[in-house]
Amino acid sequence: MSPAAERAPRRWLAAGRASRRLVLVVVFVALLLDNMLLTVVVPIVPTFLYTTEYEGTNHSVAPARAEPAPPASKAPPFSSMFSYFDNTTVTVSGSTSAVDLVNGTESSRPPQPPTSSPPLLSGCPEGEEFLAKENIRVGLLFASKALVQLMVNPAVGLLTNRTGYHIPMFIGFVIMFLSTVMFAFSGTYTLLFIARALQGIGSSFSSVAGLGMLASVYTDDFERGNAMGIALGGLALGVLIGAPFGSVMYEFVGKSSPFLVLAFLALLDGALQLCILQPSKISPESTKGTPVFTLLRDPYILVAAGALCFSNMGVAMLEPTLPIWMMQTMCSPKWQLGMAFLPASVSYLIGTNLFGILANKMGRWLCSLIGMAVVGISLLCVPLAKNIYGLIGPNGGLGFAIGMVDSSMMPIMGYLVDLRHTSVYGNVYAIADVAFCMGFAIGPSTGGAIVRAIGFPWLMIIIGVVNIAYAPLCWYLRNPPAKEEKIAILSQECPMRTKSYTTQKTLRDFPLTDDSDVEADNAE
């Protein structure tokens, strides 16, 4: 092999590590796998627990009750069968002889009772009380991931400021792989709970480091918005594929199959990270980032974080409660429990990619305001559905609106740090991830209890009204003020030119260079 051919892979790796697009690919794949694992369990866990715990218990009791049947086989035909299977509709009097049973009118009755078939024909699961309790258990299991992620996020934000983004990103891959394998081979509620909590740790490392890495390599606000939209497209694609993929694989292949496929994809992602990123490289930020508590005192960051939290809380409440509600009211088979989320996932994918560009032109605050209002209206329409087809419209509108909010708020978080604080992004995207986690922690954990107390329709009404009431607060993000020292820096460097906000007019009041007025006029 020629020396030029031997140097070609090295040149490719060097070019890859310097390419912003390949960094975007790594973050895209990481978010894709994280959210596939997030949603693939949604249709599997309720039916798996019902099958293993409720039906398994009943099947173990049924043979004990059937033991007295064999002695009755010595009696004349049909007499024991009627008295055992349907003692309410067929009455055999004590004076009826065996000959009468064979030759009389009783023998004309069918041996199989009609009352045993309706539950099988209807397809509705039995055990209403078990399903009501399962709402709470499934909700807590789903919320465990977000609760753990909520606690780990601040520490990951500090870690990224000290070591850079490469090491936390790779740690997230390792933990996600272990969690996926554990899901594949867990057979009890306790093991599933531990696997879900472990996923929260890995997701915290991947999401905070990944979004911070994107914000650091895409310094222009317009490019950053487009990159965030593409990265959130990976999140949307994971949500899109996860639930339908999990329900179909669980129905026709088995419980472990979807998780083993995800584990294989995670290994590919780890290999990609080793090639493109540098997990052994420690590259702390040259500038000390703004502390988390200082960012939490910023009202504009809190408004943006609240929009992320409440808009995602709606779909977080749907994940544990909608499949069980469909089992109770629509008698849906297993594959439909995951396919019900398909319209929301497709529309979310469209919304994040579409408004990653449009939001910069029409105003990100306006996209967020409209998106939260549509989220609330869509949630109010979910209980009106009578079958799976009635869920297409509400779930489609819900996913599209959440895509509007997410693709607008993620760049706003980075912009607010640039405008009002130090341009180090680990902590602010830790706050953004905390907002997501609060939605996915409070939603499932309280949703199951609310459904059991007042019903599924009232749960949708409550969270829908909350989103509609919160939407007007996005107006405050229309023109966030900059701090004076940041205005001086932005006037000298001019790293961003946005049409979403009118900060350029503010910059004209502080002409620190000879051509700053000319640049402001050109921006207009």
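Conventions we followed
Residues numbered from 1 in each chain as written. Predicted model: local features only at pLDDT ≥ 70, side-chain atom pairs only at ≥ 80, totals over all residues. Heavy atoms only, no water. Helix = DSSP H or I, 4+ residues; strand = E, 2+ residues; numbered from the N terminus. Buried < 20%, exposed > 50% of the residue type's maximum accessible area, 1.4 Å probe, protein only. Contact = heavy atoms within 4.5 Å. Areas by Shrake-Rupley, 256 points an atom, 1.4 Å probe, with all protein chains shown as cover. Salt bridge = Lys/Arg side-chain N within 4 Å of Asp/Glu carboxyl O. Expected span 1.5 Å × (residues − 1). Core = buried A, V, L, I, M, F, W, Y, C linked by side-chain atoms within 4.5 Å. Patch = residues over 30% accessible without salt bridge, like charges linked within 9 Å, V, L, I, M, F, W, Y side chains within 5 Å. Axes fitted to C-alpha atoms, helices over the stretch in contact; angles between N-to-C directions. Left-handed = near helix turned anticlockwise from the far one by under 90°. Nonpolar A, V, L, I, M, F, W, Y, C, P; charged D, E, K, R; others polar. Parallel < 35°, antiparallel > 145°, perpendicular 65-115°, else oblique. Phe/Tyr/Trp six-rings, centres within 6.5 Å; stacked < 30°, edge-to-face > 60°. Lys NZ or Arg CZ within 6 Å of the ring centre and 35° of its normal.

The subject of this paragraph is the overall build of the protein chain. What the protein chain contains, in helices and strands, is 22 helices and zero strands. Among the 524 residues that make up the protein chain, the fraction classed as buried is 51%. Sequence-distant contacts in the protein chain: of pairs separated by 6 or more residues, those separated by 24 or more amount to 84%. On the protein chain, roughly 22,900 Å² of surface is accessible, and the fraction owed to carbon and sulfur atoms is 67%.

All right, on to the pattern of salt bridges then. Counted according to the given criterion, the structure contains one salt bridge. Where R420 meets D298, a salt bridge forms, and the shortest distance between an N and an O atom there is 2.8 Å. Taken together, the residues R420 in helix α17 (residues 392–420) and D298 in the loop between α12 (292–296) and α13 (299–329) connect sequence positions 122 residues apart. As far as the burial class goes, R420 and D298 line up, both buried.

An ideal rise of 1.5 Å per residue puts 42 Å on 29 residues; α17 measures up with 42 Å between its terminal C-alpha atoms. Most of α17 sits inside the fold, with 26 of its 29 residues counted as buried.

Turning our attention to the side chain of S378. Within the secondary structure, S378 is located in helix α16 (residues 364–381). Residue classification places S378 among the buried residues on the basis of a relative accessible area of 7%. Residue contacts for S378: discarding those within four places in its chain leaves P394, G397 and L398.

The next thing to look at is the environment of V148. Looking at the element boundaries, V148 is found in helix α7 (residues 128–163). On a C-alpha basis, the gap between V148 and G200 in space is 5.5 Å, while along the polypeptide they are 52 residues apart. Not counting residues within four places of it along the chain, the set of residues in contact with V148 comprises A197, G200 and I201.

If you look at the biggest cluster of nonpolar residues, it comprises 105 residues, and the most contacted ones within it are L318, L322, M326, M409, M410, Y429 and L477. With 17 residues, the top contributor of residues to this core is α13.

Moving on, we come to a nonpolar patch on the surface. A grouping of I377, L380, I454, W458, I461, I462, V465, V466 and I468 is seen on the molecular surface, where their side chains present a nonpolar patch of about 740 Å² in accessible area. Breaking the nonpolar patch down by element, the ones donating at least two residues are α16 and α19 (456–470). Sort the elements by how many residues they give to the nonpolar patch and α19 lands first, with six residues. Turning to its location among the elements, I462 is positioned in helix α19. Residue I462 is classed as partly exposed on the basis of its relative accessible area, which comes to 39%.

What follows is about the packing of α17 against helix α18 (residues 426–454). At their nearest, the axes of α17 and α18 sit 9 Å apart, and the two run at 145° to each other. For the element pair α17 and α18, the recorded crossing hand is right-handed. Residue-level inspection shows D406, M410, M413, G414 and V417 of α17 in contact with α18, the latter providing V428, Y429, I431, A432 and F436. Partitioning the contact of α17 with α18 into residue classes produces eight nonpolar, one polar and one charged.

Once that is clear, we can look at the packing of helix α8 (residues 166–185) against helix α9 (residues 189–217). Helices that pack against each other are described as a pair by the angle of their axes relative to one another and the distance between those axes. The contact between α8 and α9 brings their axes to 8 Å, and the two run at 155°. With respect to their mutual orientation, α8 and α9 come out roughly antiparallel. α8 and α9 meet at a crossing whose hand is left-handed. Residues of the contact of α8 with α9, tallied by class, amount to 18 nonpolar, eight polar and one charged.

Let us look at the packing of aromatic side chains. For the structure on display, the rule yields seven aromatic pairs. Seen in terms of ring centroids, F183 and F259 are 5.3 Å apart; in terms of plane orientation they differ by 10°. Their pairing is stacked. A residue pair is termed long-range when its members are at least 10 positions apart, and F183 in helix α8 and F259 in helix α11 (residues 256–276) qualify at 76 residues. According to the relative accessible area criterion, F259 is buried, its value standing at 2%. Taking the centre distance of 5.7 Å and the plane angle of 80° together, the rings of W475 and Y476 count as edge-to-face. Residue W475 is classed as partly exposed on the basis of its relative accessible area, which comes to 44%. Given a relative accessible area of 47%, Y476 falls into the partly exposed group. A cation over an aromatic ring shows up here: R137 above the ring of Y189, its NZ or CZ 4.4 Å from the ring centre.

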